[in-house]
Amino acid sequence: LPFTPVIGLASSTYAVLVSPGPEFKPWDAVKGYPTVLGITKVQGAVFGGYMGPNACAGSGIQHPGAYAIGNHPKDPDAFHPMHFSGVQLPGTNRSTGLLLSTAPDPAWLNEGDCADKAWNLSMPCCSAAQKVDMFAKYIDPLNPPANLLPINCAGPRHVLLRDLDGSLSGTGISNTTILGGYTRRRLAGGVDQGAMVVPGVCNYRSTWGAYVCLPGQQSSGLANGWKPDPIPSTGILGDPQMFVLESRHDDREIRVFDPVIFSLPGSGQVDLVTNAMDQGCCFGYGFCQKRLNAFWTVLPTGHTVAVNFTGSPGRFWRVWLPYADPSAQLLLQFNIGDVSDRRYLYTTAAGRLPPLTNGPPTLKDGSAGGSYYWDQVLYIQLLNEHC
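Residues numbered from 1 in each chain as written. Predicted model: local features only at pLDDT ≥ 70, side-chain atom pairs only at ≥ 80, totals over all residues. Heavy atoms only, no water.

Caption draft 1: Looking closely at the overall build of the chain. Summing up its helical and strand segments, the chain has 1 helix and 23 strands in all. The C-alpha radius of gyration of the chain comes to 21 Å, within 12% of the 21 Å expected for a compact globule of 387 residues. Principal-axis analysis of the C-alpha atoms places the extent of the chain at approximately 70 × 55 × 40 Å. The buried share of the chain, taken over its 387 residues, is 53%. (Helix = DSSP H or I, 4+ residues; strand = E, 2+ residues; numbered from the N terminus. Rg over C-alpha atoms; globule rule 2.2 N^0.38 Å. Buried < 20%, exposed > 50% of the residue type's maximum accessible area, 1.4 Å probe, protein only.)

Caption draft 2: Quick look at the pairing of strand 3 (residues 66–70). Most of strand 3 is tucked away: 5 of the 5 residues are buried. In this structure, strand 1 (residues 6–10) lies alongside strand 3, joined through 4 bridges in parallel fashion. Note on strand 3: the bridge partner recorded for Val 6 is Ala 66. Pairing between strand 3 and strand 5 (residues 99–100): 2 bridges, direction parallel. Looking across to strand 5, one finds that Ile 69 is bridged to Leu 99. (Pairing = 2+ DSSP bridges.)

Caption draft 3: Spatial organisation of the state of the cysteines. Evaluation of the coordinates by the stated rule reveals 3 disulfides. Here Cys 282 is linked by a disulfide to Cys 288, with a sulfur-sulfur distance of 1.8 Å. The sign of the S-S torsion, about 100°, decides the handedness of the disulfide formed by Cys 282 and Cys 288: right-handed. By relative accessible area, which is 25% here, Cys 282 ends up partly exposed. The exposure class assigned to Cys 288 is partly exposed, which follows from its relative accessible area of 22%. (Disulfide = S-S within 2.5 Å.)

Caption draft 4: Spotlight on the environment of Val 377. Along the polypeptide, Val 377 turns up in strand 23 (residues 377–382). Other than its neighbours up to four places away in sequence, Val 377 contacts Gln 333, Phe 334 and Asn 335. (Contact = heavy atoms within 4.5 Å.)

Caption draft 5: A look at the packing of aromatic side chains. All chains considered together, the criterion is met by 8 aromatic pairs. Between Phe 257 and Phe 309, the ring centres sit 5.7 Å apart and the planes meet at 75°, which makes this aromatic pair edge-to-face. Here the residue Phe 257 occupies a position in the loop between strand 13 (240–247) and strand 14 (260–264), and Phe 309 occupies one in the loop between strand 17 (304–308) and strand 18 (317–320), the gap between them amounting to 52 residues. Note on Phe 309 and Trp 317: the rings are 5.6 Å apart at their centroids and 35° apart in plane angle, and the pair reads as tilted. On the basis of relative accessibility, which here comes to 4%, the residue Phe 309 falls in the buried class. (Phe/Tyr/Trp six-rings, centres within 6.5 Å; stacked < 30°, edge-to-face > 60°.)

Caption draft 6: View of the nonpolar core. Membership of the largest hydrophobic core comes to 66 residues, with the highest contact counts inside it found for Phe 243, Leu 245, Phe 262, Leu 332 and Phe 334. At 4 residues, strand 12 (residues 210–213) tops the list of elements feeding residues into this core. In contact with Leu 245, not counting residues within four places along its chain, are Val 260, Phe 262, Asn 293, Ala 294, Phe 295, Val 307, Phe 309, Trp 317, Arg 318, Val 319 and Phe 334. Residues Tyr 33, Val 244, Trp 296 and Trp 320 belong to the second largest nonpolar core, which totals 10 residues. (Core = buried A, V, L, I, M, F, W, Y, C linked by side-chain atoms within 4.5 Å.)

Caption draft 7: Quick look at the sheet that holds strand 16 (residues 294–300). The strand order 16-13-18 describes an open sheet built from 3 strands, whose pairing is antiparallel. What marks the edges here is a single partner per strand, and that holds for strand 16 and strand 18. Adjacent strand axes in the sheet meet at a mean angle of 20° when their direction is disregarded. (Axes fitted to C-alpha atoms, helices over the stretch in contact; angles between N-to-C directions.)

Caption draft 8: Region of the structure containing the pattern of salt bridges. Going through the model one piece at a time under the given rule, you end up with 7 salt bridges. Residue Arg 184 pairs with Asp 192 through a salt bridge whose shortest N-O separation is 2.8 Å. Owing to a relative accessible area of 0%, Asp 192 belongs among the buried residues under this scheme. Arg 248 serves as the salt-bridge partner of Glu 246, at 2.8 Å between the closest nitrogen and oxygen. A single network of salt bridges, built from pairs that share partners, joins Glu 246, Arg 248 and Arg 318. (Salt bridge = Lys/Arg side-chain N within 4 Å of Asp/Glu carboxyl O.)

Caption draft 9: Structural context of the pairing of strand 4 (residues 82–85). Here strand 4 shows a buried face lined by Met 82 and Phe 84 and a second buried face lined by His 83 and Ser 85. Pairing of strand 4 with strand 8 (residues 159–163), which is carried by 3 bridges, proceeds in the parallel orientation. Among the inter-strand pairings, Phe 84 is bridged to a residue of strand 8, identified as Asp 163.

Caption draft 10: Looking closely at the sheet that holds strand 1. In space, the 3 strands of this open sheet follow the order 1-3-5, with parallel pairing throughout. Every interior strand has two partners, whereas the edge strands, strand 1 and strand 5, have only one.

What is shown is where atoms sit, not what they do.
Structure (structure tokens):
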């Protein structure tokens, strides 16, 4: 990538429009919203001689360093998963030269790109009744007050690398997951932007700017001893997957209710996800103050995930879990108790589905994919599908 250290393989960009490139436009700019679907599969690749931050140093070199893999620093909204197998790293320093993580750009924090909101960390999180009083303006996005978390477009903080055979990470354990884009550790309180991790299950590697999560973990390092019930067959956070929540309402570029709050109930772990970057160009300005209400995140299958909104959401949604194993489950709890309209579920295969009548589905009751229940909270049992 231009103006960065050497990158052997940059993450793929899946978007409806990209820059036409030189001579008048940068070749690597995203100019449209991300697509829902997109996955990169790397098999049998050889990454040789990537030695990390001290490589390629010398007189006049402004950006030394050489890394095997890097996330695209100008892809603001989504990170589509990358699967690796049969990787070889001859002459590469796996500790320092495997991965270069780039965080969201603070320059995006303006009204023409990703807005300029902040989350007040001094207030409790995250009930269904919380509204925009959680937000506060701030002056310097590089140095905000300690109690404010700038809400940026956070695609770069949802890096999802799946090591299918352990050859990339060096763990030797199949289905090791690397969750990247963390140039710093996740905030200690658990409320942050980026893929949720659980202490004791996922370990931070500062030289990668990422967390490494191993499958099969049966306990967490949280003080309250939290763990899901039941523990998934893949273990706690053993199977993180890309998840997309997509508004289908006719005002999906205008209505404001971000960030959407994804959380693991009882764990204190929260991901604040904002809507897509403004990609418009109106009246000669480089923005239109329109941002698509679609939200890309990473959620662990086999878990219950609560979804809260900080405004009034639209009536029509599509949810996607496109690359999970067919047997993987995800139980979603949409907290929209202040919306009186009854909610129904449709699938592309069966059309409108009847709701359950004897209470909400659970992860251990054997309910089918698409089972749902409405009682001011919308419960959805999601399997590898979209609804």
